Amino acid sequence: MKILKIFGVGLVFLLALGLIIFASVHEYSDSHLRIEGVRVKLYENALMVNDCNFINLAKCEKIINVGGKDQRLVFEYKNFKPNGYPLSASATINGKEFYREDGLDIEDKGYVDHKIFLNFEVIDDKYIAFTLTKGQVGRTTTLYVIDTNGEVILEESEIDKDNMLIKDTEEFITYKDNSIEIYASRMTDSINYNGKSICDADKKEIVEAYYTYTLKDDKFSKKQTKAITAKEYIKDKEINCE
């Protein structure tokens, strides 16, 4: 019995020693994403980039061939607060930053502060055009054109005066040769115009329009190519103003 008791104590000791050694060398992996030493809190689709290789919810890499060479674009959230939400959003091309926004408040604003990069297109085999939509509430889209050094060639969200913004609730962009066509609107929703009903607007007022950006000599010129008046809008949308 004494021998069995000694053997049992020895076995317990060996097991305990083994657990201590295992604990000291084992690399514990967190089941949640950590960036900058912080456990990240991000909703799925908080960052959206079409045809992008997502490394995690907060970062993706996209390769675009321009002029016969692959260009590496990286889109990511940065500067994570202790509560797990990011303060900044950034985009780079070949390591050079062309977009940055600080002061994000995703924990309170939610999808309003999400970043959506879409509609990528190579222009004249020199430039990359794309759109950035801030959130998913509509009328928050900016048209960008950059070069491979990260220089912003074109950046426009208000396409024309008096709150003529990109109509991002519909198909709003078309690429053709070295031109970009944008559909823009002054309508805040389907019937509201300048804080009032479209029915109360001057029937000749231009409420929506198409604009074409044409590249020539490395510069873009803009021209309104089609205008839609309040009268035409009411008719097209079959709005009853009686």
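These numbers were taken from a predicted model, which means no experiment stands behind them.

Reading the values: the criteria
Residues numbered from 1 in each chain as written. Predicted model: local features only at pLDDT ≥ 70, side-chain atom pairs only at ≥ 80, totals over all residues. Heavy atoms only, no water. Helix = DSSP H or I, 4+ residues; strand = E, 2+ residues; numbered from the N terminus. Buried < 20%, exposed > 50% of the residue type's maximum accessible area, 1.4 Å probe, protein only. Areas by Shrake-Rupley, 256 points an atom, 1.4 Å probe, with all protein chains shown as cover. Pairing = 2+ DSSP bridges. Axes fitted to C-alpha atoms, helices over the stretch in contact; angles between N-to-C directions. Contact = heavy atoms within 4.5 Å. Polar contact = N/O pair within 3.5 Å; in protein donor to acceptor, adjacent residues only side chain to side chain. Phe/Tyr/Trp six-rings, centres within 6.5 Å; stacked < 30°, edge-to-face > 60°. Lys NZ or Arg CZ within 6 Å of the ring centre and 35° of its normal.

Section: the overall build of the protein chain
(1) Moving on: Looking only at helices and strands, the protein chain has three helices and 20 strands in total.
(2) Moving on: The 242 residues of the protein chain split such that 40% are buried.
(3) Moving on: Split by element, the accessible area of the protein chain, about 14,500 Å² in all, is 51% carbon and sulfur.

Let's talk about the sheet that holds strand β10 (residues 127–134)
(1) Moving on: With mixed pairing, the five strands of this open sheet are ordered in space as β3-β9-β10-β11-β12. Either end of the sheet is taken by a strand with one partner, and the two such strands are β3 (47–49) and β12 (152–156). Ignoring which end each strand starts from, the neighbouring axes of this sheet average 15° apart.
(2) Moving on: As paired elements, β3 and strand β9 (residues 115–123) share three bridges and run parallel to each other. Bridged to Leu47 within β9 is Lys115.

Quick look at the environment of Glu107
(1) Moving on: Within the element layout of this structure, Glu107 appears in helix α2 (residues 106–109).
(2) Moving on: Separated by 65 residues in the primary sequence, Glu107 and Leu42 have C-alpha atoms spaced 8.5 Å apart.
(3) Moving on: Not counting chain neighbours up to four residues away, the residues in contact with Glu107 comprise Lys81, Asn83 and Tyr85.
(4) Moving on: Engagement of the side chain of Glu107 in a polar contact is seen with the side chain of Lys81, the distance being 2.5 Å.

Regarding the pairing of strand β11 (residues 141–147)
(1) Moving on: Here β11 lies mainly inside the structure; seven of its seven residues are buried.
(2) Moving on: The two faces of β11 match: Thr141, Leu143, Val145 and Asp147 on one face and Thr142, Tyr144 and Ile146 on the other face are all buried.
(3) Moving on: Pairing of β10 with β11 involves seven bridges; the strand directions are antiparallel. Bridging across to β11, Phe130 finds its partner in Tyr144.
(4) Moving on: Linking two consecutive strands that pair antiparallel, namely β10 and β11, is a turn of six residues; a positive phi of about 85° is found at Gly135 within it.

Section: the packing of aromatic side chains
(1) Moving on: By the definition in use, this model includes nine aromatic pairs.
(2) Moving on: Seen from their ring centres, Phe75 and Phe98 are 6.4 Å apart, and the 80° between their planes marks the pair as edge-to-face. Of the two residues, Phe75 is situated in strand β6 (residues 69–80) and Phe98 in strand β8 (residues 96–101); the sequence distance between them amounts to 23 residues.
(3) Moving on: Each ring, one from Phe130 and one from Tyr144, has its centre 5.2 Å from the other, and the planes form 5°; the classification is stacked. Placement of the pair is Phe130 in strand β10 and Tyr144 in strand β11, with a sequence separation of 14 residues.
(4) Moving on: A relative accessible area of 5% places Tyr144 in the buried class.
(5) Moving on: Here a set of aromatic residues connected by ring pairs shows up, and it is made of Phe75, Phe98, Tyr99, Phe117, Phe120, Phe130 and Tyr144.
(6) Moving on: Just above the ring of Phe120 sits the side chain of Lys62; from NZ or CZ to the centre is 4.7 Å.

Structural measurements only, silent on function.
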